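Breakdown of the fold
Here are the chains, one letter per residue:
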Amino acid sequence: MSEPVIASMADVRSHLADVLDRARRDETPTIITRRGKEEAVVIDIHEYRRLRLLADRVEDSWLNTLADESESEGVEGSVSLEEMAALLRSHHA
């Protein structure tokens, strides 16, 4: 992946096809700014899916580690892995 290009919302709006082509073809993300503040990033859909998969795997590994630690400490007050995941996801929302 190449270093990102930083572009204003107005530039992205005027050159959206170029931004999308750059993300897909050149694997170059574009960071979109609004009033000088970074707001979003445009990346290739395959890169997005790869990053989501990686994040899900890391989260699953972390949750499994927490569950193993909890299990070794006893069952009083414990929750299932599914309950733990739901609680954590509700805090991220």
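Residues numbered from 1 in each chain as written. Predicted model: local features only at pLDDT ≥ 70, side-chain atom pairs only at ≥ 80, totals over all residues. Heavy atoms only, no water.

**Things to note about the nonpolar core**
One finds Ala7, Val12, Val19, Ala23, Ile32 and Val42 forming the largest nonpolar core, which totals six residues. Discounting chain neighbours no more than four positions away, the residues touching alanine 23 are Thr28, Val42, Ile43 and Asp44. (Core = buried A, V, L, I, M, F, W, Y, C linked by side-chain atoms within 4.5 Å. Buried < 20%, exposed > 50% of the residue type's maximum accessible area, 1.4 Å probe, protein only. Contact = heavy atoms within 4.5 Å.)

**What about the sheet that holds strand 2 (residues 30–34)?**
An order of 1-2-3 is seen for the three strands of this open sheet, with the pairing classed as mixed. If you trace the sheet from one side to the other, it starts and ends with strand 1 (5–8) and strand 3 (37–42), each paired once. On average, each strand axis in the sheet is inclined to that of its neighbour by 30°, with strand direction left out of account. Bridge analysis of strand 1 against strand 2 gives four bridges, and the strand direction is parallel. Its bridge partner lying in strand 2, isoleucine 6 is registered against isoleucine 31. Together, strand 1, strand 2 and strand 3 form the strand contacts of helix 2 (residues 16–25), whose direction differs from that of strand 3 by roughly 60°. (Pairing = 2+ DSSP bridges. Helix = DSSP H or I, 4+ residues; strand = E, 2+ residues; numbered from the N terminus. Axes fitted to C-alpha atoms, helices over the stretch in contact; angles between N-to-C directions.)

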